[in-house]
Amino acid sequence: MTSTARPGPLDGIRVIDLTTARSGPTCVRQLVDLGAQAVRVAAPGRGDLPGSDGWNLHRAKRSMLVDLATDTGRDILLRLVARADVLVENFRPAVKHRLRIAPDDLFAINPRLVYGSISGFGQDGPYADRPGVDQIAQGLSGLMSVTGPPGTGPWRTGIAVSDSAAGTFLAQGIVAALFARERTGEGQWVHTSLLESMVNLMDFQAARVVNEGDVPGQAGNDHPTLFPMGTYPTADGFVNIAGMLGFGRFCEVLGHPEWAVDERFAAAGPRVAHRSELTRLVEGALAARPTADWVRLLNDAGIPAGPVCSLDETFADPQIRHLELAAPTPADDGRRSAVVLRHPVTLTGTPAAVRGGVPSPGQDTVAVLAELGFDGDEIRRLLEQGVVADRLGADARII
């Protein structure tokens, strides 16, 4: 099926995607969901993240395989740049200069270009040339020091959170730069890094350090500063509860209104001081009923509560199904159909949408070269010389 989605807010914006791995592709995926048209330019000998992971990142993009280390490959890119609005890359900082495709190189071709970059640690500074991946940024940012049960040593999160954050922040920056271009007529360089994005996501924990000198530690499934708010065992599983948002009602639902007037628990400060005692009491009460009962009873009383789901349970949940957070891609132009995650922001007039299927690497190389003015003989020579490719070879290196 071909996409019938209405034009998005970025309809008509042309994006060149030079990205690999996850952070950069996350940025371009968001731009495409918002209506931009993207051409992904990858190295002929390098494959994508495999399977559904890659499908989720690269749906609705066109795909070219071009060797940018060659003069002719660079010339192909410059032809794309001349008519593009945005270019996104996540090389190490020095690579774009070595390839002669750094911002100043490309602004000379197209001064209206918005040039987006993601690096591991920033475009300059003592760590700029280090290789950077998500888990390294998680550790350096302090995230791993506050994740996991108290006293258990560092824990990574269960997702590549710094990759996703960097891609999302860069997408926001690119949209802002496009808006600024409407006033100034000029593009600009927009860049972030895994480290900058991850430190920013540390949010109130980071604010505690830089303002009060209060270094947070691990709090497990409890909220680090508010109580009671955490994960508790029930008769058949676990439940998340924000009991501090109406402590008296919380105590009544659990059948112990006397807790609300106990001098150990009546006010927020004493509750934190007597956290372990109250936790034991709460766990004892919650063990009497299954999770579903507590979720219903607590929400009916205005106390936020919810189950702890495995991902298959998440996608079976009635609210998740109602929101249609997973969507099939339209299968057209020989592109693979797959179920992917839709953009999570709703725009009522210019909606985001899953706009196309998943390309095979290089499947659009010939068509895009023709659009750039290369004739059939030139395209054949480029294919024969290995400057471009229309498919991955059997020896392609996977990221």
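Scroll up to find the structure this text is about.
Residues numbered from 1 in each chain as written. Predicted model: local features only at pLDDT ≥ 70, side-chain atom pairs only at ≥ 80, totals over all residues. Heavy atoms only, no water.

Our next topic: the pattern of salt bridges. Considering all chains together, one arrives at 21 salt bridges under this definition. Among the salt bridges present, the one from Asp 48 reaches Arg 40, with a minimum N-O distance of 2.3 Å. Judged on exposure class, the residue Asp 48 and its partner Arg 40 are both buried. The partner of Asp 71 in a salt bridge is Arg 100, and the shortest N-O contact between them spans 3.0 Å. In this pair, Asp 71 sits in helix H3 (residues 71-82) while Arg 100 sits in the loop between helix H4 (93-98) and helix H5 (103-107), placing the two residues 29 residues apart along the sequence. According to the relative accessible area criterion, Asp 71 is exposed, its value standing at 59%. Take Arg 100: its relative accessible area is 38%, and that puts it in the partly exposed class. When salt bridges that share partners are traced, they join Asp 17, Arg 40, Asp 48 and Lys 61 into one network. (Salt bridge = Lys/Arg side-chain N within 4 Å of Asp/Glu carboxyl O. Buried < 20%, exposed > 50% of the residue type's maximum accessible area, 1.4 Å probe, protein only. Helix = DSSP H or I, 4+ residues; strand = E, 2+ residues; numbered from the N terminus.)

A separate point is the packing of aromatic side chains. Per the stated rule, a full pass over the model turns up three aromatic pairs. Measuring from ring centre to ring centre gives 6.5 Å for Tyr 115 and Trp 189, while their planes differ by 85 degrees; the resulting arrangement is edge-to-face. Of this pair, Tyr 115 sits in strand E6 (residues 114-119) while Trp 189 is found in strand E7 (residues 189-193), placing the two residues 74 residues apart along the sequence. We classify Trp 189 as partly exposed; its relative accessible area is 32%. Between Phe 121 and Tyr 127, the aromatic rings sit 6.1 Å apart at their centres with planes inclined by 80 degrees, giving edge-to-face as the arrangement. Take Phe 121: its relative accessible area is 10%, and that puts it in the buried class. (Phe/Tyr/Trp six-rings, centres within 6.5 Å; stacked < 30°, edge-to-face > 60°.)

Here we take up the nonpolar core. Counting 29 residues, the largest nonpolar core has Ile 16, Leu 18, Val 41, Met 64, Ile 76 and Leu 87 as the members making the most contacts within it. At the level of secondary structure, the elements contributing two or more residues to this core comprise strand E2 (37-42), strand E4 (62-66), H3, helix H17 (365-371) and helix H18 (376-385). Sorting elements by how many residues they give to this core places H3 first, with five residues. Leave out the neighbours within four places in its chain, and Ile 16 touches Val 39, Val 41, Leu 77, Leu 80, Val 81, Ala 84, Val 86, Leu 87 and Val 88. One finds Leu 10, Ala 166, Ala 177 and Leu 178 within the second-largest nonpolar core, a separate group that totals 25 residues. (Core = buried A, V, L, I, M, F, W, Y, C linked by side-chain atoms within 4.5 Å. Contact = heavy atoms within 4.5 Å.)

Sheet strands pair by backbone hydrogen bonding; their relative direction is either parallel or antiparallel. If you walk across this open sheet you meet the seven strands as E7-E6-E5-E1-E2-E4-E13, and the pairing is mixed. The strands lining the two open edges of the sheet, one partner per strand, are E7 and strand E13 (388-389). Relative to E2, strand E1 (residues 14-17) runs parallel, the two sharing four bridges. Residue pairing for E2: Val 15 is matched across the bridge by Ala 38. Here H3 sits on the sheet in contact with E1, E2, E4, strand E5 (86-89) and E13, set at roughly 150 degrees to E4. Helix H8 (residues 161-184) rests against E5, E6 and E7 of the sheet, and its axis sits at about 165 degrees to E6. (Pairing = 2+ DSSP bridges. Axes fitted to C-alpha atoms, helices over the stretch in contact; angles between N-to-C directions.)

Put simply, H8 and helix H9 (residues 194-201) touch, their axes get as near as 8 Å, and they point 95 degrees apart. It follows from the interaxial angle that H8 and H9 lie roughly perpendicular. Contact with H8, carried on its side by Val 161, Ser 162, Asp 163, Ala 165, Ala 166 and Phe 169, involves Leu 194, Ser 197, Met 198, Asn 200 and Leu 201 of H9 and no other residues of that element. Of the residues contributing to the contact of H8 with H9, the split by class is seven nonpolar, three polar and one charged. (Parallel < 35°, antiparallel > 145°, perpendicular 65-115°, else oblique. Nonpolar A, V, L, I, M, F, W, Y, C, P; charged D, E, K, R; others polar.)

If you trace the three strands from one edge of the open sheet to the other, you get E8-E9-E10, paired in antiparallel fashion. Two strands bound the open sheet, and with one partner strand each, they are strand E8 (229-233) and strand E10 (305-307). When the angles between neighbouring strand axes are averaged without regard to direction, this sheet yields 25 degrees. Contacting E8 and strand E9 (238-242), helix H13 (residues 275-286) crosses the sheet at an angle of about 50 degrees to E8.

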